[in-house]
Amino acid sequence: MSTPEPARRRAAQLREQIEYHNRRYYQLDSPLISDAEYDALMQELLALERQYPELATPDSPTQRVGAPPVKAFGTVRHEIPMLSLDNAFADQDVVDFARRIAQRLGHHDLAFVVEPKLDGLAVSLFYEGGVLTCGATRGDGHTGEDITRNVRTIRPIPLRLQGTGWPERFEVRGEVFMAKREFQALNAWALDHGEKPFANPRNAAAGSLRQLDPRITATRRLDFYCYGYGLYPDQDLPETQSALMDQFRSWGLPVNPELRVVTGVDGCLAYYRDLLARRHALPYEIDGVVYKLDRLAERSALGSAARAPRWALAHKFPAEEATTRVLAIEVQVGRTGALTPVARLEPVFVGGATITNATLHNADEIRRKDIRVGDTVIVRRAGDVIPEVVKSLPELRPATAPPFEMPKHCPVCGAEAEAADGEAIIRCSGGLYCPAQHREAIKHFASRRAMDIDGLGDKLVDRLLEQGLIKTVADLYRLTVERLAELDRMGPKSAQNLVGALEKSKHTTLARFLYALGIREVGEVTAQALARHFRHLDRLQAATEEELQAVPDVGPSVARHIHTFFRQAHNREVIQALLAAGVHWDPPPPAAALPLEGKTLVITGTLESLTREEAKARLEALGAKVTNSVSKHTDYLIVGADPGSKLAKAQALGVEIVDEEGFWRLLAGAGASKSG
Ligand code: IVH
């Protein structure tokens, strides 16, 4: 029985709609319908195709949900080999590369297409009559695996090209990869379901693409950018790579928006530096940048060596992962008593620095990753993030290495160490009697966002404690220039400065003082809320747990911590001593008098007249809540120079946007808009 005409027409209509919404989502980044509405269109088309199998063409968007599994992949021969790239690690390598090219071509006027080097997998795609007919992996460069059915599930890859002018048959090459967010979501899901997480987005992309069951690939939201061509009719090629990429884009093939055309070595290196600085802000991982000669005729003149073309170069970023050995696992005690295991490592150069320690987070994490003393491990240092152990390589483990166990007692004070119900964190129960917690509490007290004692850093706190000059934070205010001068390496000038800074810190705010006390779970925001609500320290100290819970953001657990803190005699004594030493503040104005009470603000970009922290402090002083992300609850977004993605989000949500001038008007209590 042939397919009735109305079914045929409806299928065509659905296909067109689905492809349209796909483009809105993947190319224009502005979806018009919800995921559920999209799914409904897809389900209707699937039902039609099930009823009339003739309708299920290879370019139907239903192919994106994944065909049934196969036993093994077929093979695909690459008529034009898929080559690799030569690597550069230093600027000099790039200089040499350009010099070689200039010599061979006999001129120095070199234009390069430059773009990020994506950390994924190379694929080859064939389009015939504008329809995707074959997808293959690189394999050994000559023969790859036929992954057509998997590639069809990757949404940004068009199943049918848009526009006009494409050759009857041609091959696109590009990189399949997994965005960071997708990778994190996939790993979170794996952990929840007792499965092994992937070590990095590259492995996740490879594992997802090379699935014998394309229905699994379909659930993984892989991504794709094209960067070149393979088999392509000579007469259809434009003069430059950049023009070809423009064509690809117009046919609906995704091209990296970071692609640029630059001139000479200087252009290449400037691009490299720019991307290196922005590397962590990109939504996907990259391991360098690629430079490609723009003019295709010049490429042919240069040709290829065995492994890689002479006209392209990958300039690698410093590796963020390296292999080293765990020499010991030590346990550190934090301010709140949390025991944090730290791996002492054989020194290794990674992410541009030599590291000797990496955090292991907590006992659960060590157990999950099965990290033992003596293990060979992969460590990662990305940007300014604390180095961490990604995984151990148990195949290289010494036969005698026992699994690591967290201590039952605090390694510093010997008090019992225990996990609160349902918490992964094990804590020392010694409180301020534990020298480690005590030391961290003093450092916190002095820190910039607490009492802001300029010049009293971690090392100096250690020395003051070691040499017995202080026992509690109140002792800080009894230090004199003469006593300080007794410390080794402390000159009279530094001693004078420190005493001056201590004196200055005595004039503070109630919120800062509360934050400085280091009460469990009382961060800056809670401290602000407490100060605003109670206004006087003695009222707060006398409050019951119920009264504490009347403060915004204070739940039962925070209320209990605060209540317990003020019931302890030694805490009360220290507070008394601090007040007696002259620590003071002006009482915050009554809550109702605050002009920005109940308003939520976000700051983005760089303000000219003051730092973001200063701006935040000023807004909070007027009762505003300043948060980090824009939501529909945000009242104002304050925008400085070079704003981030928050601006677009605020615009989309209709949040009121205020420039620096408007910010000062807000502070002056005149409202944000000029007229108001
Ligand atoms: S151009 C002749 N551009 O890097 C090869 N490759 O190390 C031309 N890669 O196999 C490749 N991002 O899988 C090119 N923007 C990019 C790339 C890129 C990632 C991969 C590609 C290649 C590997 C070589």
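Residues numbered from 1 in each chain as written. Predicted model: local features only at pLDDT ≥ 70, side-chain atom pairs only at ≥ 80, totals over all residues. Heavy atoms only, no water.

For the protein, the name recorded in an unreviewed UniProt entry is DNA ligase, with Candidatus Methylocalor cossyra as its organism. Looking at the protein in UniProt, the text filed under Function (unreviewed entry) is "DNA ligase that catalyzes the formation of phosphodiester linkages between 5'-phosphoryl and 3'-hydroxyl groups in double-stranded DNA using NAD as a coenzyme and as the energy source for the reaction. It is essential for DNA replication and repair of damaged DNA." Annotation of the protein in UniProt includes, under Sequence similarities (unreviewed entry), the sentence "Belongs to the NAD-dependent DNA ligase family. LigA subfamily." (UniProt positions renumbered as here; feature names shortened; annotations may be inferred.)

Participant: So what's going on with the pairing of strand β12 (residues 321–333)? Which residues, and what values?
Facilitator: The two faces of a sheet get side chains in turn, since along a regular strand they alternate between them. Bridge count between β12 and strand β15 (residues 376–380): five bridges; the pairing is antiparallel. Paired with Glu 321 across the bridge in β15 is Arg 380. Across seven bridges, the pairing between β12 and strand β13 (residues 339–350) is antiparallel. Bridging from a neighbouring strand, Ile 329 pairs with Ala 343 of β13. (Pairing = 2+ DSSP bridges. Helix = DSSP H or I, 4+ residues; strand = E, 2+ residues; numbered from the N terminus.)

Participant: Could you give me a rundown of the nonpolar core, with the residues and numbers involved?
Facilitator: Counting residues in hydrophobic clusters, the biggest one holds 54 residues, and the most contacted among them are Ile 453, Leu 464, Leu 476, Leu 514 and Leu 530. Residue contributions to this core peak at six residues, all from helix α17 (residues 510–516). For Leu 476, the residues in contact, after removing those within four places along its chain, are Ile 442, Phe 445, Ile 453, Leu 456, Leu 464, Ile 470 and Leu 502. (Core = buried A, V, L, I, M, F, W, Y, C linked by side-chain atoms within 4.5 Å. Buried < 20%, exposed > 50% of the residue type's maximum accessible area, 1.4 Å probe, protein only. Contact = heavy atoms within 4.5 Å.)

Participant: Describe the UniProt feature "binding site: Zn(2+)" (unreviewed entry) in the protein, and please don't skip the residues or the numbers.
Facilitator: Mapped onto this numbering, the UniProt entry annotates "binding site: Zn(2+)" (unreviewed entry) at Cys 410, Cys 413 and Cys 434. The largest pairwise C-alpha distance within this set of annotated residues, which runs over 25 residues, is 8.5 Å, so the set is compact in three dimensions. Along the chain, Cys 410 falls in the loop between β16 (388–392) and β17 (417–419). In contact with Cys 410, other than residues within four places in its own chain, are Val 333, Ala 415, Ala 417, Cys 428 and Cys 434. The residue Cys 434 is located in the loop between β18 (426–428) and α12 (435–446) in this model. Sequence-distant contacts of Cys 434, that is, excluding residues within four places in its chain, are made with Val 333, Cys 410, Val 412, Cys 413 and Cys 428.

Participant: Account for the packing of aromatic side chains, with residues named and values stated.
Facilitator: Enumeration according to the criterion identifies 15 aromatic pairs in this entry. When the ring of Phe 177 is compared with that of Tyr 284, the centres are 5.4 Å apart and the planes differ by 70°; the resulting orientation is edge-to-face. Placement of Phe 177 in strand β7 (residues 169–177) and of Tyr 284 in the loop between α9 (264–278) and β10 (286–293) is noted, with a sequence separation of 107 residues between them. Across the pair, Tyr 284 and Phe 177 agree in class, each one buried. Taking 5.2 Å as the distance between ring centres and 70° as the angle between the ring planes, the aromatic pair formed by Phe 663 and Trp 664 counts as edge-to-face. In this structure an aromatic cluster arises from ring pairing among Tyr 127, Phe 170, Tyr 229, Tyr 232, Phe 248 and Trp 251. Above the ring of Trp 311, the side-chain terminus of Arg 299 is found at 4.1 Å from the ring centroid. (Phe/Tyr/Trp six-rings, centres within 6.5 Å; stacked < 30°, edge-to-face > 60°. Lys NZ or Arg CZ within 6 Å of the ring centre and 35° of its normal.)

Participant: An account of the site of the ligand is requested, with residue identities and associated values reported.
Facilitator: Lining the immediate surroundings of the ligand are 13 residues, of which Pro 116, Lys 117, Leu 118, Glu 175 and Lys 292 lie closest. Here a nitrogen atom of the ligand and a backbone polar atom of Pro 116 are 3.0 Å apart. A distance of 3.1 Å is found between an oxygen atom of the ligand and a side-chain nitrogen or oxygen belonging to Lys 117. In the complex, the protein chains occlude 87% of the 520 Å² of accessible area that the ligand would expose alone. Among the elements that take part in the shell around the ligand, strand β3 (residues 111–118) stands out by supplying four residues, more than any other. (Near = heavy atom within 4 Å. Polar contact = N/O pair within 3.5 Å; in protein donor to acceptor, adjacent residues only side chain to side chain. Areas by Shrake-Rupley, 256 points an atom, 1.4 Å probe, with all protein chains shown as cover.)

Participant: An account of the sheet that holds strand β5 (residues 131–137) is requested, with residue identities and associated values reported.
Facilitator: Pairing within the open sheet is antiparallel, and its four strands lie in the order β5-β4-β7-β8. The sheet is open, and its two edges are formed by β5 and β8 (223–229), each paired on a single side. Within the sheet, the average angular offset between the axes of one strand and its neighbour, ignoring direction, is 35°. Two strands pair when backbone bridges link them, and strand β4 (residues 121–128) and β5 are joined in this way by six bridges, in the antiparallel orientation. By the bridge assignment, Glu 128 is partnered in β5 with Val 131. Across the sheet, helix α6 (residues 201–209) touches β4 and β7, and the angle it forms with β4 is around 40°. On the sheet, helix α8 (residues 241–250) packs against β7 and β8 and is oriented at approximately 140° with respect to β8. (Axes fitted to C-alpha atoms, helices over the stretch in contact; angles between N-to-C directions.)

Participant: Account for unusual backbone geometry, with residues named and values stated.
Facilitator: Despite not being glycine, His 361 has its phi angle at roughly 65°, a positive value. If you check the backbone angles, Asp 642 has positive phi at about 50° while not being a glycine. Locating Asp 642 in the fold gives a position in the loop between β23 (636–639) and α24 (646–653). Asp 642 sits in the exposed class, given a relative accessible area of 71%.

Participant: Residue-level account of the UniProt feature "active site" (unreviewed entry) in the protein, with values.
Facilitator: Residues given the UniProt feature "active site" (unreviewed entry) here are Lys 117. Along the chain, Lys 117 falls in strand β3. For Lys 117, the contacting residues outside a window of four places in its chain are Leu 85, Ile 286, Asp 287, Gly 288, Val 289, Val 290, Ala 314 and Lys 316.

Participant: Help me get a handle on the sheet that holds β3, residues and values and all.
Facilitator: Across the sheet, five strands lie side by side as β2-β11-β10-β3-β9; this open sheet has mixed pairing. Taken across any chain shown, the strands that pair with only one partner, and hence form the sheet edges, are β2 (87–88) and β9 (260–263). Here β3 pairs with β9 via four bridges, running antiparallel. Paired with Phe 112 across the strands is Val 262, a residue of β9. Packed on one face of the sheet, α9 meets β3, β9, β10 and β11 (312–316) and runs near 135° to β9.

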